[in-house]
Protein chains: 2
Amino acid sequence: MKNYEKKQNWKGSALLAPVPPTLITCQHEEKKNIFTVAWTGIVCTRPAMTYISVRPERYSYDIIKNSESFVINLATTELVRAVDFCGVRSGKDVDKFEKFGLTTSPAKSVDAQTLDQSPINIECKVTQIIPLGTHDMFIAQIVSVDVAEEILDKNGRLALEKANLLAYSHGQYFSIGKQLGSFGFSVKKKTKKNNNKKRNRK
Amino acid sequence: MKNYEKKQNWKGSALLAPVPPTLITCQHEEKKNIFTVAWTGIVCTRPAMTYISVRPERYSYDIIKNSESFVINLATTELVRAVDFCGVRSGKDVDKFEKFGLTTSPAKSVDAQTLDQSPINIECKVTQIIPLGTHDMFIAQIVSVDVAEEILDKNGRLALEKANLLAYSHGQYFSIGKQLGSFGFSVKKKTKKNNNKKRNRK
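Residues numbered from 1 in each chain as written. Chains lettered and ligands numbered in written order. Predicted model: local features only at pLDDT ≥ 70, side-chain atom pairs only at ≥ 80, totals over all residues.

Draft legend 1. Here's a closer look at the overall build of chain A. Assigned secondary structure in chain A consists of four helices and 12 strands. Dimensions of chain A, computed from C-alpha atoms along their principal axes, come out at roughly 70 × 50 × 35 Å. Taken over 202 residues, chain A has a buried fraction of 47%. (Helix = DSSP H or I, 4+ residues; strand = E, 2+ residues; numbered from the N terminus. Buried ≥ 20, exposed ≤ 12 C-beta atoms within 10 Å, placed from the backbone.)

Draft legend 2. Up close: the sheet that holds strand E12 (residues 172-182) of chain B. Taken together, the four strands give an open sheet; going across it, the order is E11(A)-E12(A)-E12(B)-E11(B), and neighbouring strands pair in antiparallel fashion. A single partner strand is all that each edge strand has here, and the edge strands are strand E11 (166-169) of chain A together with strand E11 (166-169) of chain B. Averaged over all pairs of adjacent strands, the angle between strand axes in this sheet comes to 50 degrees, irrespective of strand direction. Two elements, E11 of chain B and E12 of chain B, share four bridges in a ladder whose sense is antiparallel. Each bridged residue has a counterpart across the sheet, and for serine 169 of chain B the counterpart in E12 of chain B is glutamine 172 of chain B. Across the sheet, helix H2 (residues 80-88) of chain A touches E11 and strand E12 (172-182) of chain A together with E12 of chain B, and the angle it forms with E12 of chain B is around 70 degrees. Packed onto the sheet, helix H2 (residues 80-88) of chain B meets E12 of chain A together with E11 and E12 of chain B and runs at close to 70 degrees relative to E12 of chain A. (Pairing = 2+ DSSP bridges. Axes fitted to C-alpha atoms, helices over the stretch in contact; angles between N-to-C directions. Contact = placed C-beta atoms within 7 Å.)

Draft legend 3. Region of the structure containing the relation of the copies chain A and chain B. Overlay of chain A on chain B (RMSD 0.0 Å): rotation 180 degrees, translation along the axis 0.0 Å. Classification of the inter-copy transformation places it as that of a two-fold axis. Using C-alpha coordinates, one finds that chain A approaches the rotation axis most closely at glycine 177 of chain A, a distance of 1.9 Å. An overlap of 100% is found between the interface residues of chain A and their copies at the interface of chain B, pointing to a shared contact surface. (Least-squares fit on C-alpha atoms with pLDDT ≥ 70 in both.)

Draft legend 4. Seen up close, helix H1 (residues 59-67) of chain B. Residues and elements named next belong to chain B. The set of residues buried in H1 consists of Ser60, Ile63 and Ile64. On an axial view of H1, the arc spanned by its buried residues comes to 95 degrees, and they lie on one face. Looking at the buried residues of H1, the elements they touch are strand E2 (22-28), strand E3 (31-37), strand E5 (49-54), strand E6 (69-73), strand E9 (120-131) and strand E10 (136-148). Downstream of H1 by one or two residues, glutamate 68 has phi in the positive range, about 55 degrees. (Arc of directions from axis to C-beta.)

Draft legend 5. Region of interest: the environment of lysine 31 of chain B. For lysine 31 of chain B, the position within the fold is in strand E3. When the 15 C-beta atoms within 10 Å are taken as the criterion, lysine 31 of chain B is described as partly exposed.

Draft legend 6. Inspection of the nonpolar core at higher detail. By size, the foremost hydrophobic cluster in this structure holds 122 residues, and its most contacted members are Ile24, Val43 and Ile122 of chain A together with Ile24, Val43 and Ile122 of chain B. Leave out the neighbours within four places in its chain, and isoleucine 24 of chain B touches Ile34, Phe35, Val37, Ile52, Ser60, Phe70, Val71 and Ile72 of chain B. (Core = buried A, V, L, I, M, F, W, Y, C linked by C-beta atoms within 7 Å.)

Draft legend 7. Local environment of the interface of chain A and chain B. Across the contact, 89 residues belong to chain A and 89 residues belong to chain B. For the side of chain A that touches chain B, the elements supplying multiple residues, two or more each, are strand E1 (7-11), strand E4 (40-44), strand E5 (49-54), H2, strand E9 (120-131), strand E10 (136-148), E11 and E12 of chain A. Top contributing element to the side of chain A that touches chain B by residue count: E12 of chain A, with 11 residues. Broken down by class, the residue content of the side of chain A that touches chain B amounts to 44 nonpolar, 29 polar and 16 charged. (Nonpolar A, V, L, I, M, F, W, Y, C, P; charged D, E, K, R; others polar.)

Draft legend 8. Inspection of the environment of leucine 132 of chain A at higher detail. Residue and element names in this part refer to chain A. Tracing the chain through its elements places leucine 132 in the loop between E9 and E10. Taking the number of C-beta atoms within 10 Å as the measure of exposure, leucine 132 has 18 and is therefore partly exposed. C-alpha of leucine 132 to C-alpha of serine 53: the two residues are 79 residues apart in sequence and 9.2 Å apart in space.

Draft legend 9. Up close: unusual backbone geometry. Along the chain, alanine 17 of chain A connects to proline 18 of chain A via a cis peptide bond; the corresponding omega equals -5 degrees. The phi torsion at asparagine 164 of chain A lies on the positive side, around 50 degrees, for a residue other than glycine. Residues other than glycine seldom take positive phi values, yet glutamate 29 of chain B does so here, at roughly 50 degrees. In this structure, glutamate 29 of chain B sits in the loop between E2 and E3.

Here it is in structure tokens:
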């Protein structure tokens, strides 16, 4: 296995990859917005919990603080231009829904909208806000998830590889590449079925 | 743009992708371990802060709680089998370093070791522990980052695409695919240089 022998020690920076560049939708009273967040992740499996880190000066900050709700919409490669634009331009200045022909539907479990152009909408209820510096972290419970039928397999199970999700790595957007293994593959024993197959191979 | 019209509303689950399947190294007194964490992300840009969510019953939990330090080692596609194994098997039962020939070097800024087979080591100092359910979240400052010279470009800047990082999406490991754009590309004006190029093209 490759050893990286020569390394430089740099000062700390927000370097972690790949991360999901997601589109967040939120609304409160007459205000409604969509914006890009890559500072997100899962923080707990049960209860299912996530977070988004948001700068207090962003237009959506007060919307989410007041509604205590938001939706994480997973982004596809088809959405890459909208994802980039929604991370650069503010909802104060431009209607980002209109610009890209983005449409929404009412969320099922929280006071927000889900993005119709995203195959997975993660409906979140804020439980805690932690100020950290440039960003405040909104910790939230994942109350429900909306899954497009087009990315289910014939048994009704989620086949997320059909979604063509977008990845973000150090200032660049990428598609997802080749499948290299499934969770647990390194300890999987050969099953009898596999052994039989092998034996029957001439 | 594609609309996903038919959706099913599922109960909340830890569904977010792609996320980075990282190898965490930690040590305290005579104990030393390496284990896999995909529940990680950036939580603040300045100061640079991250988190890892860890089950209290994991062997590394007390090590990190006591040393207040850990290193996030970004995983390459070459490490996929080690990543999977280190997420499934406990350091209580097996020396995972030995099994995969993994070696470490002392971290520069925290009381931990960095993985030699990873091109990026993120050295972290714990600032806060938040219990959430199955997992506790360790929030941490990124004190420094070790970057392999092999993934720098000729100007000494980080060219992370050279690292062949691994991605994790709903139980499967993937390579990173095609580059689709750089941050800000959706609002970039054509430069004079580009215009000239265009004009000169016959």
